Amino acid sequence: MPVTHCICTNQSFTCLHSIAQRGCLNLDQLTRHTGAGDHCGLCKPYLQRMLSTGQCTFAPIPPKTTDSIRGHARKHVHKPSQKHTSRLSTYAHSIRTTGG
């Protein structure tokens, strides 16, 4: 089964390619603009190839490769600091106790 879109954002590579061409966007800019490639990261290699070749339909990447990509994406997930988490808990508690 061919790979034709970013699963996380449900955007086709054809649509993403058109957006990239209209805005002369590189991979980082396209990711910021559309969100594609910014969630699980599995479509990043496809997006890179799409931008360099114009290809919008791909054969699936072998599982070993996607596992290493997924691991790389997990390392770059933002984790809130303890201070930030503490403020959120305090805020949530105040909403519960005051009713809004």
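Residues numbered from 1 in each chain as written. Predicted model: local features only at pLDDT ≥ 70, side-chain atom pairs only at ≥ 80, totals over all residues. Heavy atoms only, no water.

**Describing the packing of aromatic side chains**
What counts, and what does not: Only Phe, Tyr and Trp rings take part, Trp by its six-membered ring, and two of them pair if their centres are within 6.5 Å. Stacked means planes under 30 degrees apart, edge-to-face means over 60, and tilted covers everything else. Helix and strand assignments come from DSSP, with helices taken as H or I runs of at least 4 residues and strands as E runs of at least 2, each series counted from the N terminus. Classification of residues uses two cut-offs on accessible area relative to the type maximum, computed with a 1.4 Å probe and protein chains only: under 20% is buried, over 50% is exposed, and between them is partly exposed.
Tallied over the full model, the rule gives 3 aromatic pairs. On the basis of an interplanar angle of 40 degrees and a centroid distance of 6.0 Å, the ring pair of Phe-13 and Tyr-46 is categorised as tilted. With a gap of 33 residues between them, Phe-13 in helix H1 (residues 13-23) and Tyr-46 in helix H3 (residues 44-53) connect regions that are remote in the sequence. For the residue pair Phe-13 and Tyr-46, the accessibility class agrees, reading buried in each case. Consider the rings of Phe-13 and Phe-58, whose centres lie 5.4 Å apart with planes at 85 degrees: the pair is edge-to-face. Here the residue Phe-13 occupies a position in helix H1, and Phe-58 occupies one in the loop between H3 and helix H4 (63-75), the gap between them amounting to 45 residues. Note on Phe-13: relative accessible area 0%, which makes it buried. A connected cluster of aromatic rings, assembled from ring pairs, spans Phe-13, Tyr-46 and Phe-58.

**With respect to H1**
In plain terms, the rule: Each direction from the helix axis to a C-beta atom contributes to the arc, which is the arc of those directions. Residue contacts follow a heavy-atom distance rule, with two residues in contact if any of their heavy atoms lie within 4.5 Å.
Among the residues of H1, those classed as buried are Phe-13, Leu-16, His-17, Ile-19 and Ala-20. The arc that holds the buried residues of H1, viewed along the axis, is 160 degrees, so those residues lie on one side. Along H1, the residues that are exposed and aim more than 90 degrees away from the buried face are Thr-14, Gln-21 and Arg-22. Tucked inside the fold, the buried residues of H1 contact strand E1 (5-6), strand E2 (11-12), helix H2 (27-34) and H3. In the segment just after H1, Cys-24 is the residue with positive phi, at about 50 degrees.

**A short note on the side chain of Gln-11**
Put simply, the rule reads: Here a polar contact is taken to be a pair of N or O atoms separated by no more than 3.5 Å, where protein atoms must pair a possible hydrogen donor with a possible acceptor and residues adjacent in sequence count only if both atoms sit in side chains.
Considering the arrangement of structural elements, one finds Gln-11 in strand E2. Within the local environment of Gln-11, its side chain forms a polar contact with the backbone oxygen of Thr-34, the two atoms lying 3.1 Å apart. Excluding residues within four positions of it along the chain, Gln-11 makes contact with His-5, Cys-6, Leu-16, Ile-19, Thr-34 and Ala-36.

**With respect to the nonpolar core**
The following threshold applies: Take the buried Ala, Val, Leu, Ile, Met, Phe, Trp, Tyr and Cys residues and link them wherever side-chain atoms come within 4.5 Å; each set so joined is a nonpolar core.
Core analysis: the biggest nonpolar cluster contains 16 residues, and Phe-13, Leu-16, Leu-30, Tyr-46, Leu-47 and Met-50 have the highest contact counts within it. Contributions of two or more residues to this core are made by H1, H2 and H3. The leading source of residues in this core is H1, at 4 residues. Among all residues touching Met-50, those that are not within four sequence positions of it are Phe-13, Leu-16, His-17, Leu-30, Gln-55, Cys-56 and Phe-58.

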